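Here are the chains, one letter per residue:
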Amino acid sequence: MNDHIVGIRTYKYRLYPDEQQQAALDDILDVARWLYNRALDYRRKRWNESRHSVTYNEQAAMWRDWRNEQPEDNPLRLLNMSAGQQVLRRLDSAYREFLQGKRGKPRFKGWRFFNSVSYKPGDGAALRDGKLYVQNVGLLPVKWHRALPEGTLKNVIILRKASGWYVLLQLEVETEVPTTEPSEALPVGIDVGIRHALALSDGTVIDSPKYLKQSLKRVRVLQRRVARRRKGSKRREQAIQQLAKAQEHVANQRRDWWHKVTHWLVATYGLIVLEDLHLAFMLRNGNLARAAHDVALGLFDELLSYKANQAGVQLVKVNPSNTSQICSGCGWLVPKDLSVRVHQCHNPACGFTVDRDVNAALNILGLGWDASVRR
Ligand SMILES: [Zn+2]
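Residues numbered from 1 in each chain as written. Predicted model: local features only at pLDDT ≥ 70, side-chain atom pairs only at ≥ 80, totals over all residues. Heavy atoms only, no water.

Undergrad: Let's hear about the overall build of the protein: which residues, and what values?
TA: If you tally the helices and strands in the protein, you get 8 helices and 14 strands. The buried share among the 375 residues of the protein stands at 42%. Summarising the internal contacts of the protein: among those between residues at least 6 apart in sequence, 68% fall at separations of at least 24. As displayed, the protein has an accessible area near 21100 Å², and 50% of this comes from carbon and sulfur atoms. (Helix = DSSP H or I, 4+ residues; strand = E, 2+ residues; numbered from the N terminus. Buried < 20%, exposed > 50% of the residue type's maximum accessible area, 1.4 Å probe, protein only. Contact = heavy atoms within 4.5 Å. Areas by Shrake-Rupley, 256 points an atom, 1.4 Å probe, with all protein chains shown as cover.)

Laid out in structure tokens, this is it:
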């Protein structure tokens, strides 16, 4: 006896536009980006001039007017009306999240950073005879590498990546509860922390287990014992053997634990962003206290890459510089040394306060989010 819930799931397929169609799709993305930037510019100006917060409805009305000017040769008409509204909704929710302290200030987008446009099915885009119809582009061949399940089509998203063009079909489907796959799209940023083993952007912190700390303590005791004993003595030989055993035990425990953690991560999240650890190690260069920790993180990196790949979870690595110093709420630089455990923003308009590692994880997620859309 299972409960059912209705959820949205996303299915991604490769598109094969011809040259002319590719050019048309590029043009549509250009219009969408222009709209985003122009609408953002308007919001900023109104705010600076008169502290007026522009609403989505105001912007949608402006979009309608711009699009209806000189209808015969207006390039804005390449973009479907409601697809343009989706662009404005995207900007609107970016603003809301910014005001709630969940992300930095929305920025103008260069062409590399604007790679998707979303249609309502039947309004500018639709599935037709096994192909995808897009207004002003035509019928695009789709590679159906897996069958699209039964369900109600809610969104059609066209995506440009370095490797080519894709369509994301978002379906409302019934799934059984409990589900082992929560959401294909749930993203997370991970900071390999100072206070915690891992800190996640959703506020979850993961600490090394006590048994591992105890085993490490035993290793350190045995290391000192070896050092104290006379070279060549039988007792030193005994201590060396004890130490080797203890080190092996720690290595096994550590590997088991990281297996569990990485398994949980790929089962829980659909997009995982973390620091490029090679760069992170270089930035910390000289900090011996962290050397042992870094060995363990190398293992984490290896296991996570392997499991993410197997589970089809996207893994994005970003440059870690400054991720701990920048406020993830407003973008201000808030310098703090290693002893400061809580991020407290100095910006009077922000004041975002959170665990320092969670703040870093939020910044890491932000960087990776941009990078993953860009691909
Ligand atoms: Zn702030």
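Undergrad: Can you explain the side chain of Thr323? Please cite residues and give values.
TA: Mapped onto the fold, Thr323 is located in the loop between strand S12 (314-318) and strand S13 (342-344). A distance of 2.8 Å separates a polar side-chain atom of Thr323 from the backbone oxygen of Pro320. (Polar contact = N/O pair within 3.5 Å; in protein donor to acceptor, adjacent residues only side chain to side chain.)

Undergrad: A description of unusual backbone geometry should follow, citing residues and the corresponding values.
TA: The residue Asp129 is not glycine, and still its phi comes out positive at about 50 degrees. For Asp129, the location among the structural elements is in the loop between strand S3 (124-128) and strand S4 (131-134). Look at Asn136: it is not a glycine, yet its phi comes out positive at around 70 degrees. Judged by relative accessible area, Asn136 falls into the partly exposed class, the value being 41%.

Structural measurements only, silent on function.
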